Amino acid sequence: MSPDLRLVPVVATAWVVAWTLTGPWTAAARPLTVVGALVALGCAAAAAAGVRRRGGPVGPVVAHGALVAACLVAVAASVAVQTAARGPLAGLAEDGATATVDGRVVSSARAAVHGDGSRWVLAVDTVVARGVRSAAVGHVLVTAPGDPPRFGAAVRPRVRLAPPSFGAGVVAAGRATTPVAESAPPGPSGRVTHTLRTALLDVTDGLSDQARGLVPGAAVGDTSRVPAELEDALRVAGLTHVTAVSGSHFAIVLTAAGAACVALRAPPAVRVGLLAAVGVGFVLLVRPEPSVLRAAWTCAVTLVALVLGRPAAGFPALATAATVLLVVDPWQARSFGFALSCAATAGIVLLTGPLSRRLAPWCGRSLAFALAVPLAAQAACGPVLILLDPALPSTAVLANLLAAPALVPATVLGLVATLAAPWAPGAAGAVAWLAGIPTGWIATVATTAAALPGARLPWLAGPGGAVLLALATAVVLTFVLRRPPGRGWPVGRAPADRLSALRRRVRRAHRSRRSPGARGGRVRRPGGAATAGAVVLVTVLGVALGTVLVVAPRTGPAAGVPPDWQVAACDVGQGDALVVRSGPRAAVVVDVGPPGDGAARCLRRLGVDRVDLLVLSHFHADHVGGLEGVLAGRTVVAALVSPLDDPADAARRTRVALARHEVPVEVAAAARQGTAGDVAWTVLGADAGAGGANEASVAIALRTAAGVDVVALGDLEEPGQERLAADLAAGGYPDGAVEVVKMAHHGSAAQSADLARRLAPGVVLVSVGQNDYGHPTRTALDLYRAVGSEVVRTDRCGTASLSVRAGGLALACAG
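Below you will find a few notes about this structure.

What counts and how
- Residues numbered from 1 in each chain as written.
- Predicted model: local features only at pLDDT ≥ 70, side-chain atom pairs only at ≥ 80, totals over all residues.
- Heavy atoms only, no water.
- Helix = DSSP H or I, 4+ residues; strand = E, 2+ residues; numbered from the N terminus.
- Buried < 20%, exposed > 50% of the residue type's maximum accessible area, 1.4 Å probe, protein only.
- Contact = heavy atoms within 4.5 Å.
- Phe/Tyr/Trp six-rings, centres within 6.5 Å; stacked < 30°, edge-to-face > 60°.
- Lys NZ or Arg CZ within 6 Å of the ring centre and 35° of its normal.
- Patch = residues over 30% accessible without salt bridge, like charges linked within 9 Å, V, L, I, M, F, W, Y side chains within 5 Å.
- Areas by Shrake-Rupley, 256 points an atom, 1.4 Å probe, with all protein chains shown as cover.
- Salt bridge = Lys/Arg side-chain N within 4 Å of Asp/Glu carboxyl O.
- Pairing = 2+ DSSP bridges.
- Axes fitted to C-alpha atoms, helices over the stretch in contact; angles between N-to-C directions.
- Disulfide = S-S within 2.5 Å.
- Polar contact = N/O pair within 3.5 Å; in protein donor to acceptor, adjacent residues only side chain to side chain.

## Focus: the overall build of the protein chain
Turning to step 1, where the next piece is worked out: When helices and strands are counted, the protein chain shows 26 helices and 26 strands.
Turning to step 2, where the next piece is worked out: Put simply, the protein chain has 815 residues, and 48% of those count as buried.
Turning to step 3, where the next piece is worked out: For the protein chain, the proportion of contacts with a sequence separation of at least 24, taken over those separated by at least 6, is 70%.

Shown next as structure tokens:
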């Protein structure tokens, strides 16, 4: 019987969309995803119309289109919601920031890749960085020295964050320099499973080296004591699945539990309940790793099918489980563990039968099936494994064939020892010793296979190697599977195969006699109303998808930014980008930082779609370099620029970019006033003849609707600041009338004490990044502190946003 592949479009859509939207190019991918979704939905509608014209049933086609659309909506919405919930984690990781992360351990500890210590996954709920505590939901792969914390324990490590490696399936990686202590113990289930796992390690401690590592590995996936040389041999021989808990372990456990239910004559409802309880307990015992979750959900779908009296087909159960997991955690699409687990299961489900039927004439059915399982798994996993290790394990199929008989007794005996260890350590030790016999055979097979000449054949590395191997595998499978079983093989078709073929023909003939067409009955054509309803449904889902992908991720400020922010200094590195709110999703922007997308990314985080006024204080690259990103992502109503075109090339490029986006440009002049949205502004100084680009900076005063007065000084040097102080005094500008000042020239030593005294702001913002100029200088910082200003630096705070709270200003920092 042909496999049921109807859910392939659904799970493929979930995987592709999840992989695309969780990548670094998320913003650029959203429109493409919308277009692809609408094209897919249009194809489904066209296919439904074509089927209707031919007299076929439209319902299945429409149902598949609706499922694909619903899957797209669900995955996209999940990515949007979870991205917002992750708060500043991803940004802090990009910046390499140091942070304290609060959360609970959600994985078993593994040996650190480099150096001593261990690595484990932390489910973060809070992050403290740059002096600000923010809510953040996401997984961080923590590497730390010393003994690892227990699964389920609450911890608060201080780590240096970094972007995760490809295929890690987490938001960030973090490295701690000191051992991590538990701030709260695990919950009841965590304590019970920790006791079981620890007791198993205790009773196996006196066994041989291979048994100390492989018995806990085969039973509960604990690889902490597997010798390094044996671990390498398992990898080369393709036997790492022995210690990576997956579907085969679930099959063994649930088969044993099912046999016990049959022996106890439990009714069907009780059997299903007991099997579900055993499955949940096993997940808690072995930890919810990607392969474990995939296997658990597959079993859950199968149990639900049994309860409903539906056939429990392997591939639909796998596709359903994978789709659910990708909706719940779209970042699983980038996990190598999840990909390998799904690929291996799909290969076994889809290829084992056809391969075993073609091998049977050569070696008999039993051996053919035993060979087909590792062949199918290797064919499916090979391209993914190439991304991890560019080599072909030529002995993997033989090693798996020889090791397979030992896996069941090793797993069952290991689990019996685990359950007995806390209460009967002597008996558990004896059972563990027995489990060491089959694991000894597995170790012997692995080391022997890995030592054979040519056990590891070099292959092209990277995506190119993966594609090449996938194409080669497809060609070989096509050649093998297109030939019917038995035809052309030296032994001919077995009598049993002929009998099976005869039975299939009889069943097909019987079904055809019972079909309405065979009795001359008229096949009812679906009505036009049903087709119209399906088209409406598909259209609604498409519109919902577009809303989720394009609008939902941009509905307001990101986590870590207060929704009522008034002023923000963007963390753009060594450069300036000041944002003053002028409406619900609008702002006045003073400078756009150095080349790159720092300013544009900051505006996205602040939820700014419209720039009511863009002020470019002068044309140095650290003030105008990010212009293209700002112009491309939003509407810019008007621009106010320095009166001095210096440097000339930068000024020309800036004016060309503004003209290309049809932004009206005005040259700033002292005393020029205006309004931009809810913000009133006044040019305090803009002198083209003062000497150089810095001295020609536009100094501007802005007043928000909430009454916050802001002064931005550009890169004015000390003489320019002195002139400005004199102008303010001559114009009767009251001292201390400013709440916020953007310090001149990134906190250089060239600061005017007179201007600082006259402005005397409550907060001075220093926009600065890593530099070789010594910015900000202690002189500049002490100068403003002396007049009572609170100094806020973007290199320490990140993007600093100010809000009005109880008549004063409140600071929030976000990475």
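Here the narrative resumes, following the displayed structure.
## A look at the packing of aromatic side chains
Turning to step 1, where the next piece is worked out: In this structure the tally under the stated criterion is 1 aromatic pair.
Turning to step 2, where the next piece is worked out: The interplanar angle of 35° and the centroid separation of 5.2 Å between the aromatic rings of Trp15 and Phe338 together place this pair among those described as tilted. With a gap of 323 residues between them, Trp15 in helix 1 (residues 8-21) and Phe338 in helix 12 (residues 336-363) connect regions that are remote in the sequence.
Turning to step 3, where the next piece is worked out: You can call Phe338 buried: its relative accessible area is 0%.
Turning to step 4, where the next piece is worked out: Sitting over the ring of Trp19, Arg334 keeps its end group 4.1 Å from the ring centre.

## Observations regarding a nonpolar patch on the surface
Turning to step 1, where the next piece is worked out: A cluster of nonpolar residues, Trp19, Phe166 and Leu387, forms a patch on the protein surface that exposes about 280 Å² of accessible area.
Turning to step 2, where the next piece is worked out: For Leu387, the location among the structural elements is in helix 13 (residues 365-388).

## Examining the sheet that holds strand 22 (residues 740-742)
Turning to step 1, where the next piece is worked out: With mixed pairing, 7 strands are arranged side by side in an open sheet as 18-19-20-21-22-23-24. In this open sheet, the two edge strands, each paired with only one partner strand, are strand 18 (673-676) and strand 24 (790-793). The sheet shows a mean angle of 20° between the axes of neighbouring strands, taken without regard to direction.
Turning to step 2, where the next piece is worked out: Here 3 bridges tie strand 21 (residues 709-712) to strand 22, and the two strands are oriented parallel to one another. Within strand 22, the position partnered with Val711 by the bridge is Val741.
Turning to step 3, where the next piece is worked out: Against the sheet, helix 25 (residues 778-786) engages strand 22, strand 23 (763-766) and strand 24, with an angle of about 145° to strand 24.

## Quick notes on the pattern of salt bridges
Turning to step 1, where the next piece is worked out: Considering all chains together, one arrives at 21 salt bridges under this definition.
Turning to step 2, where the next piece is worked out: Through salt bridges with shared partners, a single ionic network connects Asp232, Arg235, Asp389 and Arg456.

## Here we look at the pairing of strand 13 (residues 586-590)
Turning to step 1, where the next piece is worked out: Burial of strand 13 is extensive: 5 of the 5 residues sit out of reach of the surface.
Turning to step 2, where the next piece is worked out: Here strand 13 shows a buried face lined by Ala586, Val588 and Val590 and a second buried face lined by Ala587 and Val589.
Turning to step 3, where the next piece is worked out: Sheet topology places strand 12 (residues 578-583) next to strand 13; 5 bridges connect them, and they run antiparallel. Along strand 13, the bridge assignment pairs Val579 with Val589.

## Focus: unusual backbone geometry
Turning to step 1, where the next piece is worked out: That bond from Asp646 to Pro647 is cis: its omega, 0°, falls within 30 degrees of zero.
Turning to step 2, where the next piece is worked out: The backbone phi angle of Asp591 is positive, close to 75°, even though this residue is not glycine.
Turning to step 3, where the next piece is worked out: Relative to the elements of secondary structure, Asp591 occurs in the loop between strand 13 and helix 19 (598-606).
Turning to step 4, where the next piece is worked out: On the basis of relative accessibility, which here comes to 2%, the residue Asp591 falls in the buried class.
Turning to step 5, where the next piece is worked out: Look at Ala671: it is not a glycine, yet its phi comes out positive at around 75°.
Turning to step 6, where the next piece is worked out: Along the chain, Ala671 falls in the loop between strand 17 (665-667) and strand 18.

## Some points on the environment of Leu387
Turning to step 1, where the next piece is worked out: In this structure Leu387 comes out as partly exposed when scored by relative accessible area, which is 36%.
Turning to step 2, where the next piece is worked out: C-alpha separation for the pair Leu387 and Pro463, spaced 76 residues apart in sequence, amounts to 6.6 Å.
Turning to step 3, where the next piece is worked out: Here Leu387 is in contact with Phe336, Gly462, Pro463 and Ala466, once residues within four sequence places are set aside.

## Details of the state of the cysteines
Turning to step 1, where the next piece is worked out: One pass over the structure, following the stated rule, counts 2 disulfides.
Turning to step 2, where the next piece is worked out: Between Cys570 and Cys602 runs a disulfide, and the two sulfur atoms are separated by 2.0 Å. On the S-S bond that ties Cys570 to Cys602, the torsion sits near -75°, and the link is left-handed. Separated by 32 residues along the polypeptide, Cys570 in the loop between strand 11 (567-569) and strand 12 and Cys602 in helix 19 bring together distant segments of the chain. Of the two residues, Cys570 and Cys602, both sit in the buried class.
Turning to step 3, where the next piece is worked out: The partner cysteine of Cys797 in its disulfide is Cys813, sulfur to sulfur 1.7 Å. Taking the torsion about the sulfur-sulfur bond, which here is approximately -105°, the covalent link between Cys797 and Cys813 counts as left-handed. A residue pair is termed long-range when its members are at least 10 positions apart, and Cys797 in helix 26 (residues 794-797) and Cys813 in strand 26 (residues 808-814) qualify at 16 residues.
Turning to step 4, where the next piece is worked out: Owing to a relative accessible area of 4%, Cys813 belongs among the buried residues under this scheme.
Turning to step 5, where the next piece is worked out: With no disulfide partner, Cys342 has as its closest neighbouring cysteine sulfur the one in Cys381, 9.9 Å distant.

## Considerations on the pairing of strand 3 (residues 118-129)
Turning to step 1, where the next piece is worked out: Judged from the 6 bridges that link them, strand 1 (residues 98-105) and strand 3 form a sheet pairing that is antiparallel. Paired with Gly103 across the two strands is Val124, which belongs to strand 3.
Turning to step 2, where the next piece is worked out: Two strands pair when backbone bridges link them, and strand 2 (residues 110-111) and strand 3 are joined in this way by 2 bridges, in the antiparallel orientation. Each bridged residue has a counterpart across the sheet, and for Ala111 the counterpart in strand 3 is Ser118.

## Quick look at the side chain of Ser752
Turning to step 1, where the next piece is worked out: Looking at the element boundaries, Ser752 is found in the loop between strand 22 and helix 24 (753-759).
Turning to step 2, where the next piece is worked out: What makes Ser752 buried here is its relative accessible area of 0%.
Turning to step 3, where the next piece is worked out: A polar contact of 3.3 Å, which involves the side chain of Ser752, links it to the side chain of Glu722.
Turning to step 4, where the next piece is worked out: Sequence-distant contacts of Ser752, that is, excluding residues within four places in its chain, are made with Glu718, Gln721, Glu722 and Leu783.

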